[in-house]
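# Architecture and fold: a report
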Amino acid sequence: MAKYLFTHGHLIIDDRKEFEDGALLVDGDKILDVYPHTNKVEINEECTVIDLHGQLLMPGFFDSHTHGLRGVDFNNASNEEIDSISIEYAKKGTTSILNSLTDIRNFDNLECEYLRCLGTHLEGPFISEKYKGSHIAKEIDVSLLNDLNNCKQMTIAPELENSELLIEALNKRNIKVMFGHSDARYKDIKDYKHDGFTHLFNASSPYHHRDLGLVNLALAEKDRYVEVIAEESHLDLSVIKLIMNEIDKDKLILVSDSKEDTYLLNGLKNLRKLGASNTDLVAYSSLNAYRLYGMDKRYGSLIKGRCADFVVLNDDLDVVMTYVKGKIINV
């Protein structure tokens, strides 16, 4: 694969560091070096130089809750169909996903040309009938997990009968437990072991000052991972701001939960509008999710030796270019 040197970029390295006029040297899907100052770069090897003219360069987005795009639904899509839309994800800056499903299905080492499919997220079927939305709701049957593979996360309603047995079984399989699509009461589940909350405020009992539910638990705990769909058709901006204020910065995860191709970018713009810094945006759009699933030593930071998946954005946070799997996708 070709070597590229991206110069004069505003590099957002991770959730703490940025270089305003830096450079990035990559070879295929590996970062060879990162330079804080473009004018001090000395390269003694042949490579293609691409001047970014001050545009933002940050780790590619990790959408850990997405059901597909352009009419392709992961619940019934073939591997070929998923590969066919991988470039559409890349054009929106997304370089990694979890394939989100509403019922139990296995994907084995799914390979896409322009996208890293890093496992599945089961958004059900063990969820509340009251808050199932368009999803499937079933009674808990732990035996259905026996043949499950490549699953990274499961969304469950913890108030269901046998939920503690389910949580125990998921923990043994190193599958992250997220509470969502639930009518649970705070007092009944406050001691349950779990990793976080699926699209907070959406598809669960509402926040209440007396009848405490799932949202109350999330805001009380503060240090669990919290998905947010930061788009105004899902949450008012004031509610998104509340989540930003109340949840630890390194626990907030931006997701799309959508078959549309705009919500993740709109969410990013809303988070900036509400005060998120560039380094915050890296945390929200990629690094926090990689940390949750134990993948942050390979993805989510612009560090020498890490995977060279990144996105270039203009001042309005529109995607200009995505680099994934050694390929440049211009928008």
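A brief report on the enclosed structure follows. In this text, all values refer to a predicted model and were calculated from it rather than measured experimentally. In this numbering scheme, every chain counts its residues from 1 along its sequence in written order. Given that the model is predicted, a residue must reach a pLDDT of at least 70 before its local features are reported, and side-chain atom pairs must reach 80 or more before they are shown or counted; all residues, however, enter totals for whole chains, interfaces and linings. Side-chain figures throughout are based on the complete set of non-hydrogen atoms in the structure, without hydrogens or water.

Attention now goes to the overall build of the protein chain. Here a strand is any run of E in DSSP of at least two residues, a helix any run of H or I of at least four, and the numbering for each starts at the N terminus. Helix and strand counts for the protein chain come out as eight helices and 18 strands. In terms of overall size, the protein chain behaves like a compact globule, its C-alpha atoms giving a radius of gyration of 20 Å where 331 residues would be expected to give roughly 20 Å. Taken along the three principal axes of its C-alpha coordinates, the protein chain extends 65 × 40 × 35 Å. To sort residues, take the accessible area from a 1.4 Å probe on protein chains only and compare it with the maximum for the residue type: under 20% means buried, over 50% means exposed, and anything in between is partly exposed. Across the 331 residues in the protein chain, those meeting the buried criterion constitute 58%. Contacts are assigned to residue pairs that have any heavy atoms within 4.5 Å of one another. Across the protein chain, contacts joining residues at least 24 apart in sequence account for 65% of those joining residues at least 6 apart. Approximately 13900 Å² of the protein chain is accessible, and the part contributed by carbon and sulfur atoms is 43%. As a reference, a globule follows 2.2 Å times the number of residues to the power 0.38, and the radius of gyration itself is taken over C-alpha atoms. The Shrake-Rupley method, run with a 1.4 Å probe, gives the accessible areas here. Residue values count only the displayed protein chains as cover.

A few words now on the pairing of strand β6 (residues 61-66). Across the six residues of β6, six count as buried, placing the element largely inside the fold. Pairs of strands are assigned from DSSP output, requiring at least two bridges between the strands. Sheet topology note: the β6/strand β9 (residues 94-101) ladder contains four bridges and is parallel. Within the sheet, the bridge partner assigned to F62 lies in β9 and is S96.

The subject of this paragraph is empty space enclosed by the protein. Picture a little ball the size of a water molecule; that probe, rolled over the atoms, points out where space is still empty. A cavity, in this analysis, means grid points on a 1 Å lattice covering only the protein atoms where a 1.4 Å probe fits yet has no way out; a pocket is instead an open set bounded by protein on both sides within 12 Å along at least five of seven lines, and a residue lines either one if it has an atom within 4 Å of a point. Grid points are joined across faces, edges and corners, and a volume is the space filled by probe spheres set on the points. One pass over the structure, following the stated rule, counts two cavities of 30 Å³ or more. Taken as a whole, the second largest cavity holds about 40 Å³ of empty space. Three classes are used: nonpolar for Ala, Val, Leu, Ile, Met, Phe, Trp, Tyr, Cys and Pro, charged for Asp, Glu, Lys and Arg, and polar for all others, with Gly counted as polar. Here the lining of the second largest cavity is composed, by residue class, of four nonpolar, four polar and one charged.

This part is about the environment of R105. Mapped onto the fold, R105 is located in the loop between β9 and β10 (116-123). C-alpha of R105 to C-alpha of K327: the two residues are 222 residues apart in sequence and 30 Å apart in space. Residues in contact with R105, not counting those within four places in the same chain, are F74, N75, N76, A77 and L122. For the purposes of these results, a polar contact is taken to be a pair of N or O atoms within 3.5 Å, where, inside protein, one atom must be able to donate a hydrogen and its partner to accept one; residues adjacent in sequence count only when each atom of the pair is a side-chain atom. From its side chain, R105 meets the backbone oxygen of N75 in a polar contact 3.3 Å long.

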